[in-house]
Amino acid sequence: MTALRGRTSTIAVWIVLLSMPLWMGALGGYTELASRVVVLGLAAMALNFLLGFTGVLSFGHAAYFGLGAYGVGMTIKYLQPSTPLGILVGVVTGTLAAAVIGALIAKRRGVYFAMVTIAFGQVFYFIAFRWNSVTGGDDGLNNWRRQAIDFGIAKLDITNDVTFYYFALIVFALSAAAMGLLIKSPFGRTLIAIRENERRARFLGIPVEQHIWLSFVISCFFVSLAGTLFALLSNFTDPRALRWDQSGNFVIMAVLGGMRSFWGPLIGAAIFVVLQDYVSSHTENWMSFIGLFFMAVVLFFPRGILGIVKRRLAS
Amino acid sequence: MSEHDLLGKKVSRRQLIQGAAAGATLAATGPFIISARGEEPVKIGLDNPLTGTYAAVGKNEMIGCELAVEQINAKGGILGRQVQLLSEDSTSGDAGTCVQKARKLIDRDGVKFLLGNVNSALSLAMADVAYEKGVLHVVTGGHTDAVTGKTCHYNVFRICNTTQMEANAVAPSLIKQGGKKWYYITPDYAFGHTLQSGLEAACTRLGGQKIGGDLTPLGTTDFSSYLIKAQAAKPDVIVFLVQGDDMVNALKQAVQFGLDKRFHLAGAQQELEPLEGLPPEARIGTWVFEWYWNQPGVPGVKEFVDAIKKKTGRVPTARTWFGFASGWTCALAANGAKSLETVKMAKFLQDFKLPPEVACMPDAPYFRKGQNQLIPNLFVGHAQAKGSAPDDLFKVTTVVKGAEAAGTLEETGCKMTWPA
Amino acid sequence: MTQLILFNVFNGLIVGAFYALMALGLSLILNLSGVINFAHGGFLALGAYIAYTLMPYTGFWGALLVAPVLTAALGLVVERLLIRPLYGRDPLYSLLLTFGLAYVLEDVARAIWGAQSVPYPIPASLTTPLSTEYFFLTGYRLFMVALVAAAVAGLFFILNRTRLGMRIRAGTLDLETVSVLGVNVRILRNLNFGLGIYLAGLAGVLAAGMLGLQPTIGTSLIMPSFVAIIVGGLGSLPGTLLGGLLIGVASGITTVFFPSATEAVMYVMMGLVLLIRPRGLLGEEGRIQ
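So, how was this worked out
- Residues numbered from 1 in each chain as written.
- Chains lettered and ligands numbered in written order.
- Predicted model: local features only at pLDDT ≥ 70, side-chain atom pairs only at ≥ 80, totals over all residues.
- Heavy atoms only, no water.
- Contact = heavy atoms within 4.5 Å.
- Buried area = accessible area lost by both parts, 1.4 Å probe.
- Salt bridge = Lys/Arg side-chain N within 4 Å of Asp/Glu carboxyl O.
- Polar contact = N/O pair within 3.5 Å; in protein donor to acceptor, adjacent residues only side chain to side chain.
- Helix = DSSP H or I, 4+ residues; strand = E, 2+ residues; numbered from the N terminus.
- Nonpolar A, V, L, I, M, F, W, Y, C, P; charged D, E, K, R; others polar.
- pLDDT = per-residue confidence, 0-100.
- Expected span 1.5 Å × (residues − 1).
- Buried < 20%, exposed > 50% of the residue type's maximum accessible area, 1.4 Å probe, protein only.
- Arc of directions from axis to C-beta.
- Pairing = 2+ DSSP bridges.
- Axes fitted to C-alpha atoms, helices over the stretch in contact; angles between N-to-C directions.

Enquirer: So what exactly am I meant to see when it comes to the interface of chain A and chain C here?
Expert: Where the parts come together, the accessible area they lose is often given as the size of the interface. The interface of chain A with chain C comprises 38 residues on the first partner and 41 residues on the second. A combined buried area of about 3,800 Å² lies between chain A and chain C, and 78% of that area is made up of carbon and sulfur atoms. Area buried by chain A at its contact with chain C is led by A:Tyr112, A:Met115 and A:Met287, which between them contribute 19% of it. Summed over the shared surface of chain A and chain C, the number is 0 salt bridges. Across the contact surface, chain A and chain C share 4 residue pairs in polar contact (both at pLDDT 80 or more). Going through the elements one at a time, helix 6 (110-130), helix 12 (244-257) and helix 14 (286-300) of chain A are the ones with two or more residues in the side of chain A that touches chain C. Of all the elements, helix 6 of chain A adds the most residues to the side of chain A that touches chain C, at 12 residues. Per-class residue counts for the side of chain A that touches chain C are 27 nonpolar, 6 polar and 5 charged.

Enquirer: Help me understand the confidence of the model for chain B in this model?
Expert: Do not read the predicted coordinates in detail wherever pLDDT is low. All names here are of chain B. For chain B, mean pLDDT is 86; residues scoring 70 or higher make up 91% of the total. Note that pLDDT drops below 50 for residues 1-12; the model gives that stretch 16 contacts with residues more than four away or on any other chain. Here residues 25-37 scores under 50 on pLDDT; set against residues more than four positions off or in separate chains, the count is 10 contacts.

Enquirer: I tried to follow helix 10 (residues 301-312) of chain B on my own but got confused; where do I start?
Expert: For an α-helix, the turn length of 3.6 residues means that residues three or four places apart are oriented alike. All names here are of chain B. Between its first and last C-alpha atoms helix 10 spans 16 Å; for 12 residues at 1.5 Å apiece the expected length is 16 Å, and the two agree. Where helix 10 is concerned, the buried positions are Val-301, Phe-304, Val-305 and Ile-308. In a view along the axis of helix 10, the buried residues occupy a sector of 95°, so they form one face of it. Set apart from the buried face of helix 10 by more than 90 degrees, the exposed residues are Lys-302, Glu-303 and Lys-310. Along its buried surface, helix 10 packs onto helix 2 (55-74) and helix 11 (318-337).

Enquirer: What exactly am I supposed to notice about the sheet that holds strand 9 (residues 264-269) of chain B here?
Expert: By way of backbone hydrogen bonds, the strands of a sheet pair with one another, either parallel or antiparallel. Residue and element names in this part refer to chain B. The strand order across the open sheet formed by 7 strands is 7-6-8-9-10-13-14, and the pairing between neighbours is mixed. The open sheet has two edge strands with one neighbour each: strand 7 (209-216) and strand 14 (394-401). The mean angle between the axes of side-by-side strands here comes to 25°, regardless of whether they run parallel or antiparallel. Summarising the sheet, strand 13 (residues 377-383) and strand 14 pair through 7 bridges and their orientation is antiparallel. By the bridge assignment for strand 14, Val-380 is matched with Thr-398. Against the sheet, helix 6 (residues 190-205) engages strand 6 (181-187), strand 7, strand 8 (237-240) and strand 9, with an angle of about 165° to strand 6.

This is the structure:
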């Protein structure tokens, strides 16, 4: 029963995602909005790999997101106008940084871990902000554009908005599949064991720190990938992509959708992006609305939307 | 993780969710039901900060724009159709949001004109989008030279000055009032860098010299260590190039340290908004304003000032005027070119002079051909604690002709290409 | 050159004292309740704005006395209504709550007092520098240091000599046992939060005299507070105080030699501490792992 329900929900999600261009306009949306949902959904799911499935709170994921963004932008602008190379550079940069920093902080937990991730995140923000000559500083990295991808036999013109959406969707699908496989694997099960009871896992002989480090690195790998897509989407990136409020947004998306479920963060991202887009068009005081929304989610819907749905279906 | 038991509230939460879902669906579909009756209005999209550091100036630009649209509609609109202003919050620095809103305005709302941004970086990002989509873009308040310089485009116009123009306008007064040895306190981003290099060039031409300077990070709250260094260098003039809140902090602290009694404090760009935020004793220094409300006898000014006073209860600032002129530029371009096609409007605006009721300054400003940069007057003077009115915080001593302050077209680095 | 360095050291201590004030409030709340109060900057701004509103009626000194108290009162309400339900849960939730609260506070400040910077006058008696030689020792800055010293002294007095303080210190070490011993932990956390917010409000009123008063005044001051706590050591209030002062002095000295690295130096310090002595300078081993 659960398997069928699981598969139905997966199919439903994919039907909605694949048919987006058909119904987006009618609802008053626009293609770029959908692309943003997919990209940020990937980021939120990547964060949730660490948060929801390993039980470790990182509030500094925007740093690796931003490294991916700057990596692809700087590659296309300074090195070579090639999107695949840019994405590769962005992802490698983000993942390497995560590997180094993860090793430094893997022993910390809880509030302390969170604070340290915030602080390190700020370091990267700071570098992007101050290294003006290279990153453009506060002005951001501009004057570059995503390039069509040349496969030799055919060219994928992702400069077109709708084509880019599908490109992002493909990347998202592959990433989601990878993450899903990892979670179902013995490695993933171990992570969940660590989440449930770290001490017991340790007594069982599981090298907890190594697992947490690995989970951190994997999570940052996918978040930096999301970062590259984000920069490609806007043809622009700036230090705000690295700041702690961006990190906070990812966490909220994961919590909003449901930390314990796989697709939860995607739903959370969809709601958050659309809500913010909508509210900010209609009122200057959108910050109050978003803030109150955060607080309401935390106080009343801590299990997230999918958490509520699951509970209702179970009862 | 233990969880607070909310079972008792289960029923009401479910209702809450259902209600919220219903409400959200209703709200989401609501405004998108487009009524096809009557003529479709011509839409202008303003993508400017309404929150964050630039909220105050962004809002003022929006107000000026709103007034322009009201006046345009009263006079018959654009090509006989009513004009509608769509305003989006670009935030003060999140380029992702700014670009997203720009695309939203163009793709979903079908605006014919894109206006914005206060933030130089966001202006450049928006210009890229406008160029990609072929929409006429009027930059209201982003000063970085590149917009009408190295990365100029045929469809991107700018109302406010370049940093080069501001530097050239104010440098003579700084030499005369202060002296030849300058120490710079510069915000560390493109705007600050170009403003400083512009000033250094102008200063050297007039026989002055730079004896030192510091780059301060944006958002610096405490300038004490920089001020300590500045006074140790014993300059004639301490040049403050920081803007907005940084300006308020720096000047406040400089005056608290008594530095105004030992050195001449001055800078380049200054605006009414920071001056209003300073305590009266800190409203000092020689600056250049891009537009000022107290211009007795100049046609168009009184009507504009009165209209804004009626709308908001305060006098217009340079930012208000930027928004006003930007809005009017759209209407004048379309009505003049008798078309809403971007290329035709852009061609019409080459060397186009703004009429007096829009210009609100002694000499008619015009968009320089081949650069799309408005060449207006610049107002050099000094800040004052109070003047003829509580809002009169600046005393204009010299009105500079823009053509004299602007360099040559070659110097700007703009090589404009037109679509075939 | 030595004069420049000396000046910057003195000045750094002054600036550091201010950072310490902010960080102490944050540290108090963190130590007892395990809550990272992202809204601390928002309360700082609120304190400043309340003082600005009260000034025409109470004058500078009256506002200085009353505004932090009012801000603390608001803090008590916020703790009771919004944070208390979250104590049993993962620290994630209280973090997200204060995150959302920060947004709301900034927006409310903007809605009520406008986005425009508002002028905050300080009494003439405080504006003059004490000498032209040491011009940066203005009356106001020295007053601020004195006030911070008084606040810190007051805080340590409360913590070490009163029943409430003793309970807070005990609670920081082992809240469960304290509760079992019959102390009303709810009220304890509530009052502790209020105390932390009082310090934020006080910092706000002081900040308004030095900086431009606009809705985002608090947001730039949060990061130095975090770093001060990490450098000084989680769980140690003297550590936080030391951390704040160190940051101030380090920034000041860096300005002399590498002006563009003034901000970076605090992150470098944080990095060094985390690598060499992760519990912080004065933190206790295994305090919060």
